[in-house]
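Spelled out from the first residue to the last, the chains are:
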Amino acid sequence: RVECLAMNSYAQALQELKKDTMEHVRIGVDEVTGEIGLDEPGLLCLAIPYSEGWDAYVDGKKVKLYQANVMYMALDLDAGNHDIRLAYHTPWLKEGMYLSMTVWAAFLVYCGFLLFRRHKERLVKISGVCEN
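Residues numbered from 1 in each chain as written. Predicted model: local features only at pLDDT ≥ 70, side-chain atom pairs only at ≥ 80, totals over all residues. Heavy atoms only, no water.

### Re the overall build of the chain
- Secondary structure assignment for the chain yields two helices and eight strands.
- In sequence order, the secondary structure elements of the chain are arranged as α-β-β-β-β-β-β-β-β-α.
- A total of 132 residues make up the chain; the buried ones form 19% of that total.
- Relative to all contacts within the chain whose residues are 6 or more apart in sequence, the contacts with residues 24 or more apart total 55%. (Helix = DSSP H or I, 4+ residues; strand = E, 2+ residues; numbered from the N terminus. Buried < 20%, exposed > 50% of the residue type's maximum accessible area, 1.4 Å probe, protein only. Contact = heavy atoms within 4.5 Å.)

### Focus: the environment of Q15
- With respect to the helices, strands and loops of the structure, Q15 is situated in helix α1 (residues 10-18).
- Look at Q15 and you get exposed, because its relative accessible area is 51%.
- For the pair Q15 and Y50, spaced 35 residues apart in sequence, the C-alpha to C-alpha distance is 27 Å.

### Section: the side chain of H82
- Topologically, H82 is positioned in strand β8 (residues 80-88).
- By relative accessible area, H82 is classed as buried at 9%.
- Within the structure, H82 has its side chain in polar contact with the side chain of D59 (distance 2.9 Å).
- The contacts of H82, once residues within four sequence positions are left out, are G34, E35, I36, V58, D59 and L77. (Polar contact = N/O pair within 3.5 Å; in protein donor to acceptor, adjacent residues only side chain to side chain.)

### Re the layout of surface pockets
- The volume enclosed by the largest pocket comes to roughly 990 Å³.
- The wall of the largest pocket is formed by 27 residues, among which L17, D20, L43, L44 and C45 lie closest to the centre.
- Of all the elements in the fold, those that place two or more residues in the lining of the largest pocket are α1, β1 (23-27), β2 (31-38) and β3 (42-49).
- Considering only residue class, the lining of the largest pocket consists of 16 nonpolar, three polar and eight charged. (1 Å grid on protein atoms, 1.4 Å probe; cavity = no way out; pocket = protein on both sides within 12 Å on 5 of 7 lines; lining within 4 Å. Points joined across faces, edges and corners; volume = space filled by probe spheres on them. Nonpolar A, V, L, I, M, F, W, Y, C, P; charged D, E, K, R; others polar.)

### Structural notes on the packing of aromatic side chains
- This structure, assessed with the given rule, holds two aromatic pairs.
- Directly above the aromatic system of Y57 lies the positively charged group of R85, at a separation of 4.5 Å from the ring centroid. (Phe/Tyr/Trp six-rings, centres within 6.5 Å; stacked < 30°, edge-to-face > 60°. Lys NZ or Arg CZ within 6 Å of the ring centre and 35° of its normal.)

### Concerning the nonpolar core
- Ranked by size, the top nonpolar core spans 16 residues in total, and within it L44, L75, L77, I84 and L86 carry the most contacts.
- Mapped onto this core, the elements with two or more residues apiece are β2, β3, β4 (54-58), β7 (72-77) and β8.
- For L44, the contacting residues outside a window of four places in its chain are M22, I36, M73, A74, L75, L77 and I84. (Core = buried A, V, L, I, M, F, W, Y, C linked by side-chain atoms within 4.5 Å.)

### Focus on the sheet that holds β4
- With antiparallel pairing, five strands are arranged side by side in an open sheet as β1-β2-β8-β4-β5. Strand pairing shows two members of the sheet lacking a second neighbour, β1 and β5 (61-63), which therefore form its edges. Strand-to-strand twist of the sheet, defined as the mean angle between neighbouring strand axes without regard to direction, takes the value 25°.
- Here five bridges tie β4 to β8, and the two strands are oriented antiparallel to one another. In the sheet register, Y57 faces β8, and the bridge partner there is R85. (Pairing = 2+ DSSP bridges. Axes fitted to C-alpha atoms, helices over the stretch in contact; angles between N-to-C directions.)

Written out as structure tokens, the structure is:
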């Protein structure tokens, strides 16, 4: 929703809007956690840029993460107290690692083939010299 605040009462209205905020926020390397208590259902808008790599959990259950205010993340919450956890994982990291390992394995097999062929050619030359 959009709020229009009269300048003579904006401080009081701002305090009212700030009452539903996430508290006890802990920020880790790839995780953000906190708690929130709501009197009525609403959206929790987080000033964290929206990205495919984020997963959201409310009270331990995975929930849908929404894109809000063009670039931020939001969670749909019911009334009550909630534990919030956002976990980040780099998209396509595992797939990229498996692809890299496959390419390295193919490269090593190819190098082994080249070394074997070169060693075989040397053996043929040596055996040809020994016969003459």
